[in-house]
Amino acid sequence: SSIVKGMLEHSRTGSKEKQLTDLNALADEYLRLAYHGLRAKDKSFNADFRLEKDNKLPKVKVIPQDIGRVLLNLINNAFFTVSQKAKEREGGFVPTVIISTETIKSLVGDPMIEIRVKDNGNGIPRELKDKIFQPFFTTKPSGKGTGLGLSLSYDIIKAHGGEIMVESKEGEGTEFTIVLGINTH
């Protein structure tokens, strides 16, 4: 795991410095990028997708490439699962991916930023939920996933002082929640 992470760190381009970042713009960009990337591979795929943004969301100091990478991974996973469910269903199912942003208060009253990535795919089986952030663990079919995406996403969010959590109901969908502090220094 550490060798692969080291290789990925080495191959990264861009600054490793935190910058004041508009997370609404970042989420919107990666949502569109993921959708059009999937459509380029599978022209028959269609889905509803939207960003439900908090227009008062403050900019936050993060490494934008890293947070973008986390968002892209979560969004790609969401589109993957809804596309799988769409292939299994005859009709009437509308694949949907929703990203939402919100300013919330922590338990001690500090302002925090919450980003949610929600899909109406097949969900994550309860017995697998505790394993999804482990390196090399994947729920995708052989050859479709490395099992590094969620592990690296977890590490990136932790390195930013945040948390990433998951709620899932089998057959109904999954929602990942990222919580980041508003770090202005």
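Residues numbered from 1 in each chain as written. Predicted model: local features only at pLDDT ≥ 70, side-chain atom pairs only at ≥ 80, totals over all residues. Heavy atoms only, no water.

K.L.:
Could you give an account of the overall build of the protein, with specific residues and numbers?
P.N.:
Scanning the protein from terminus to terminus reveals five helices and seven strands. Helices and strands in the protein line up, N terminus first, as α-β-α-β-β-α-β-β-α-α-β-β. Of all 185 residues assigned to the protein, the portion counted as buried reaches 41%. For the protein, the proportion of contacts with a sequence separation of at least 24, taken over those separated by at least 6, is 72%. Here the protein displays about 10500 Å² of accessible surface, and carbon together with sulfur accounts for 51% of that area. (Helix = DSSP H or I, 4+ residues; strand = E, 2+ residues; numbered from the N terminus. Buried < 20%, exposed > 50% of the residue type's maximum accessible area, 1.4 Å probe, protein only. Contact = heavy atoms within 4.5 Å. Areas by Shrake-Rupley, 256 points an atom, 1.4 Å probe, with all protein chains shown as cover.)

K.L.:
An account of the sheet that holds strand S5 (residues 111–119) is needed here, citing residue identities and associated values.
P.N.:
Spatially, five strands are ordered S2-S4-S5-S7-S6 in an open sheet, and the strand pairing comes out mixed. The sheet is open, and its two borders are formed by strand S2 (48–52) and strand S6 (163–169), each paired with just one other strand. Shown here is a sheet whose adjacent strand axes are inclined to one another by a mean of 15°, direction ignored. Sheet topology places S6 next to strand S7 (residues 173–181); seven bridges connect them, and they run antiparallel. Across the sheet, the residue bridging to Val166 is Phe176, located in S7. Sheet strands touched by helix H2 (residues 23–41): S2, strand S4 (96–105), S5 and S7. Its angle to S2, the strand with the most contacts, is close to 170°. Where helix H3 (residues 64–88) meets the sheet, its contacts fall on S2, S4, S5, S6 and S7, and the angle it forms with S5 comes to roughly 25°. (Pairing = 2+ DSSP bridges. Axes fitted to C-alpha atoms, helices over the stretch in contact; angles between N-to-C directions.)

K.L.:
Before we move on, could you go through the packing of aromatic side chains and cite the residues and values that matter?
P.N.:
With the rule as written, the count across this model stands at five aromatic pairs. Ring centres of Tyr35 and Phe79 lie 5.5 Å apart, and the angle between their planes is 50°; this geometry places the pair in the tilted category. In this pair, Tyr35 sits in helix H2 while Phe79 sits in helix H3, placing the two residues 44 residues apart along the sequence. The residues Tyr35 and Phe79 share a single accessibility class, namely buried. Centre to centre, the rings of Phe45 and Phe79 are 6.1 Å apart; their planes meet at 80°, and the pair counts as edge-to-face. Highlighted residues: Phe45 in the loop between H2 and S2 and Phe79 in helix H3, separated in sequence by 34 residues. With respect to burial, Phe45 and Phe79 carry one shared label: buried. Members of the aromatic cluster, connected to one another through ring pairs, are Tyr35, Phe45, Phe49 and Phe79. (Phe/Tyr/Trp six-rings, centres within 6.5 Å; stacked < 30°, edge-to-face > 60°.)

K.L.:
Please give an account of the pattern of salt bridges that cites residues and values.
P.N.:
The tally for this structure, following the rule as stated, stands at four salt bridges. In this structure, the salt-bridge partner of Glu175 is Arg116, at a minimum N-O distance of 2.9 Å. One end of the pair, Glu175, is in strand S7; the other, Arg116, is in strand S5, with 59 residues separating them in the sequence. (Salt bridge = Lys/Arg side-chain N within 4 Å of Asp/Glu carboxyl O.)

K.L.:
Quick rundown of the packing of H3 against helix H5 (residues 149–159)? Include the residues and the values.
P.N.:
It is the contact of H3 with H5, at a shortest axis distance of 9 Å, that shows an interaxial angle of 145°. Between H3 and H5 the crossing geometry is left-handed. Of H5, the residues touching H3 (which contributes Asp66, Ile67, Arg69, Val70, Asn73, Leu74 and Asn77) are Gly149, Leu150, Leu152, Ser153, Ile156 and Ile157. Across the contact of H3 with H5, the residue classes tally to seven nonpolar, four polar and two charged. (Left-handed = near helix turned anticlockwise from the far one by under 90°. Nonpolar A, V, L, I, M, F, W, Y, C, P; charged D, E, K, R; others polar.)

K.L.:
Tell me about the pairing of S7, and please be specific about residues and values.
P.N.:
With eight of nine residues buried, S7 lies mostly within the body of the structure. As paired strands, S5 and S7 are joined by eight bridges and run antiparallel to one another. By the bridge assignment for S7, Asp119 is matched with Thr174. Hairpin geometry of S6 and S7 is characterised by an intervening segment of three residues between the two adjacent antiparallel strands and by a positive phi of about 85° at Gly171.

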